[in-house]
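Secondary and tertiary structure notes
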Amino acid sequence: MPRTLIEIERGRGEPLYRQVRQAIEHGIASGRLDAGGRLPSSRLLAQELGVSRNTVTAAYQELVAEGFVESRARSGLFVNPRMPPRTEPEPTPPQEHTFDWSGRLRGREGDRLPHIEKHHDWARYPYPFPAGQVDPRAFPARAWVRSLNRALDRPHAAWSLQDCVADDDPLLVEMVRSHLLPARGMAVEASEVLITIGSQHGLDLLGRALLGPGSVAAVEDPGYLDARHIFLRAGARLHPLPVDADGLRPPETLRGVDLLHVTPSHHHPTNVTLGPGRRQALLAAAREAGTVVVEDDYDSEFRYEGSPTPALKSQDTTGQVVYLGTFSKFLAPGLRLGYLVGSAELVAHLRELRRYSVRHPSGHLQRALGLLIESGDYQLAVRRSRARLGAKWRLMRDAVNASLPWASSPAPGGVSLWMSGPEGLDCRELVRRARERGVLIERGDIFFLGGPEFPAGPDLDALRHFRVGFAAPRADVIEPGIAILGDVVRELLPPG
């Protein structure tokens, strides 16, 4: 067998024996190795290729096991003479044209906006500070596995495995009603709760139900980027509302606004809390204008100083506030479970919309989560997580004040810190250079809308902001990682 049939690439990352085996298999299939022909001994081929004899032996053993090669006593190894002859594929007839999808795909208005970038390999960085990720070691794995197993036993298996069509698991709905919502100041009926595949799913359902061409959605600026994408794709025009240290600044009127998206507990992305006076002013403006208020309460559990504020929904006297909650920020983003609370009429309509898109969230996951809450393990894990994150928040607060060349007073909640640097700082370059040094952070300019026309040019003030998350990294990497970040910041700032 000529050696040119086999080429070994030691840096390819694929085992050498597999490369040898694939080369011989290709030679047999292509007819370059004759049916019934003898193969060289493992010792001779190993010498030819400069590999160990065990490497060639392993390749031969697989070829024999799969019938490409047969072993004959005291004679050696031979290509199986019964291998089917090589057949040439039928030539593909030339195509007259390629189907033009561009004329069929509907416009994607949201593409005028940037997208939040997520690094799926964040764990390989020595100093990972992504927002929205969790430390896998903090996940209550044993309690979750117990709940998953119980959900497959009687009487729970029926709800876990059956097609619920449009219904939600009554146990999970009851746990949300009796264990989660009262802490946020709400008492509701089961007909007012809808289980979602995360809060983003709830936003999509609301966009499809309440928005369309010609409608207006008011959003915080800076604010949650994915909500803007969803509303634009529903056909709405975005109306930005400014945010300061006390949260959203209520406009004088909301007339002409169909839907307002707000994050009052911890503003996204700055984490500031909407004050009581502004809450009342916002609700009054919504009542006067007939605007639907969507309260996105994505991580209210994580407050490290003072008491959590009640939900905006708890002060709603007209039923026009819709509340979105999620389990993703606490348990794990990959589980994709959340809930929506609104009027029974709205929930019934959204349930029908959900039925003809995703039908219903996983019954198994719903029942397991309901059992986790019922057992008390969920609340125990929340308390432990809040204590752990509170310690990390204090470490991060102290680290940024020790290492960054400006003073910061971060809001005492959430799972990330919003940093506002001095004029002249470019967060795009900061993110790039920090990543080269092993520090992973997020740029902040993408959260600013910049006006109804979304100008292409970068806003110089927006460029001085960035986010550092503290839920994902180990506590012992916070101080050294932020110290490196401080060095990079100083490199980028103009002298003086």
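Here is a short report on the structure shown in this document. Note that the structure is a prediction, hence the values are computed from the model and not measured. (Residues numbered from 1 in each chain as written. Predicted model: local features only at pLDDT ≥ 70, side-chain atom pairs only at ≥ 80, totals over all residues. Heavy atoms only, no water.)

Comments concerning the pattern of salt bridges
Counted by the stated rule, this structure contains 30 salt bridges. For Arg367, the salt bridge goes to Asp169, with nearest N and O atoms at 2.8 Å. Of this pair, Arg367 sits in helix H11 (residues 363-375) while Asp169 sits in the loop between helix H5 (157-161) and helix H6 (170-180), and the two are 198 residues apart along the sequence. Taking relative accessible area as the criterion, Asp169 reaches 1% and is therefore assigned buried. A salt bridge links Asp297 to Arg184, with the shortest nitrogen-to-oxygen separation between them at 2.8 Å. (Salt bridge = Lys/Arg side-chain N within 4 Å of Asp/Glu carboxyl O. Helix = DSSP H or I, 4+ residues; strand = E, 2+ residues; numbered from the N terminus. Buried < 20%, exposed > 50% of the residue type's maximum accessible area, 1.4 Å probe, protein only.)

Considerations on the sheet that holds strand E14 (residues 442-443)
Strand order in the open sheet formed by three strands is E12-E15-E14, and the pairing between neighbours is antiparallel. The sheet is open, and its two edges are formed by strand E12 (416-420) and E14, each paired on a single side. Two elements, E12 and strand E15 (residues 465-469), share five bridges in a ladder whose sense is antiparallel. Bridging from a neighbouring strand, Trp418 pairs with Arg467 of E15. Running at roughly 20 degrees to E12, helix H12 (residues 377-403) makes contact with E12 and E15 of the sheet. (Pairing = 2+ DSSP bridges. Contact = heavy atoms within 4.5 Å. Axes fitted to C-alpha atoms, helices over the stretch in contact; angles between N-to-C directions.)

Focus: the packing of H6 against H11
Contact geometry of H6 with H11 gives a least axis separation of 8 Å together with a crossing angle of 35 degrees. Regarding H6 and H11, the two cross each other, and that crossing is left-handed. In this structure, H6 uses Pro170, Leu171, Leu172, Met175, His179 and Leu180 to contact H11, whose residues at the interface are Gln366, Arg367, Leu369, Gly370, Leu371, Ile373 and Glu374. For the contact of H6 with H11, the per-class residue count stands at eight nonpolar, three polar and two charged. (Left-handed = near helix turned anticlockwise from the far one by under 90°. Nonpolar A, V, L, I, M, F, W, Y, C, P; charged D, E, K, R; others polar.)

Quick word on helix H3 (residues 53-65)
Compared with the 18 Å implied by 1.5 Å per residue over 13 residues, the 18 Å span of H3 between its first and last C-alpha is a close match. Among the residues of H3, Thr55, Val56, Ala59, Tyr60 and Leu63 are the ones counted as buried. The arc that holds the buried residues of H3, viewed along the axis, is 130 degrees, so those residues lie on one side. With respect to the buried face of H3, the exposed residues turned more than 90 degrees away are Asn54, Gln61 and Ala65. Turning to H3, the residues buried within the fold contact helix H1 (16-30), helix H2 (42-49), strand E1 (69-72) and strand E2 (76-79). (Expected span 1.5 Å × (residues − 1). Arc of directions from axis to C-beta.)

Details of a nonpolar patch on the surface
Together, Phe99, Trp101 and Leu105 make up an exposed nonpolar region whose accessible area comes to about 380 Å². You can call Phe99 partly exposed: its relative accessible area is 43%. (Patch = residues over 30% accessible without salt bridge, like charges linked within 9 Å, V, L, I, M, F, W, Y side chains within 5 Å. Areas by Shrake-Rupley, 256 points an atom, 1.4 Å probe, with all protein chains shown as cover.)

A word on the side chain of Thr55
Of note, Thr55 is situated in helix H3. Aside from chain neighbours lying at most four places away, what touches Thr55 is Leu16 and Tyr17.

Examining the side chain of Ser408
Note on placement: Ser408 falls in the loop between H12 and E12. Of note is the side chain of Ser408, whose polar atom sits 3.3 Å from the side chain of Trp406. In contact with Ser408, other than residues within four places in its own chain, are Val400, Asn401 and Met419. (Polar contact = N/O pair within 3.5 Å; in protein donor to acceptor, adjacent residues only side chain to side chain.)

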